[in-house]
Amino acid sequence: VVPLPAQSNKQTTASSTKMDHDMDFPAIATTREFVVKSKGVGAYVEVRETDLMSDVRRLLRDDLDDDQLPSPDFAFHINGVRISKKQEGRKLAFDILDQNASVELIARSDDMKEEACAKSDDALTTPSKRRRKRKNRGTTEPLANANTNEIENEIENENNN
């Protein structure tokens, strides 16, 4: 009888078909599907438990077709709240999945346009703001969305003072 060499974690008997791989192979990383909504349609990428949202951005750019992304420079809206690129470097994708959050991709340029429109609407809400706006433009013409009689009265009052 020939002695067998020192045994590893693998079972070496001819009748055994089960192998003990715990020590021979690295652990397999857990992955999950990260589903996003883009242009009204769902899409997904596979993420690992260590992936940050910045990694998800890279995976989306690598895995999806250009026409599936809202723009090359998109923003994540998680449950309707936009996260910044700085926050993407700190937020784990698995944490967002665990929250069952809805994730939507929005073109960053569209996002900025919405903010600019909201600011311009706010700028026209009070008569004093409208007066400053007219003075800055160097005109006494009424603004398109303001009440014409009100503005004419304001201009007349300014001229009398």
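Residues numbered from 1 in each chain as written. Predicted model: local features only at pLDDT ≥ 70, side-chain atom pairs only at ≥ 80, totals over all residues. Heavy atoms only, no water.

**What to know about helix α1 (residues 53-63)**
The cut-off we apply is this: Relative accessibility decides the category of a residue: with a 1.4 Å probe and only protein chains considered, values under 20% of the type maximum give buried, values over 50% give exposed, and everything between is partly exposed. Runs of H or I in DSSP of at least four residues are treated as helices and runs of E of at least two as strands, each being numbered from the N terminus. To obtain the arc, one takes the directions from the helix axis to the C-beta atoms.
Along α1, the residues that are buried comprise M53, V56, R57, L59 and L60. The buried residues of α1 all sit within an arc of 165° when viewed along its axis, so they share a single face.

**Brief notes about the pairing of strand β1 (residues 31-38)**
What counts here: When DSSP finds two or more bridges between a pair of strands, those strands are recorded as paired.
Pairing of β1 with strand β2 (residues 41-48) involves eight bridges; the strand directions are antiparallel. Bridge pairing links R32 to V47 in β2. Connecting the antiparallel pair β1 and β2 is a turn made up of two residues, with K39 showing a positive phi of about 55°. As paired elements, β1 and strand β5 (residues 103-107) share two bridges and run parallel to each other. By the bridge assignment, S38 is partnered in β5 with L105.

**Some points on the side chain of R57**
Cut-off, in case you're wondering: Residue contacts follow a heavy-atom distance rule, with two residues in contact if any of their heavy atoms lie within 4.5 Å.
If you trace the backbone, R57 turns up in helix α1. Residues in contact with R57, not counting those within four places in the same chain, are D73, F74, A75, F76, K85, E88 and R108.

**Some thoughts on the pattern of salt bridges**
Heads up, the condition is: The term salt bridge refers to a side-chain nitrogen of Lys or Arg lying within 4 Å of a carboxyl oxygen of Asp or Glu.
Inspection of the entire model under this criterion finds six salt bridges. Residue D98 pairs with R32 through a salt bridge whose shortest N-O separation is 2.8 Å. You can see D98 sitting in helix α3 (residues 93-98) and its partner R32 sitting in strand β1, a full 66 residues away along the chain. According to the relative accessible area criterion, R32 is partly exposed, its value standing at 29%. Between R58 and D62 there is a salt bridge, with the nearest N and O atoms lying 3.8 Å from each other. Taken as a pair, R58 and D62 lie in helix α1 at a separation of four residues, close to a single helical turn. On the accessibility criterion, R58 (39% relative accessible area) is partly exposed. The exposed category is assigned to D62, whose relative accessible area is 54%. One network of salt bridges, in which partners are shared, links D73, K85 and R108.

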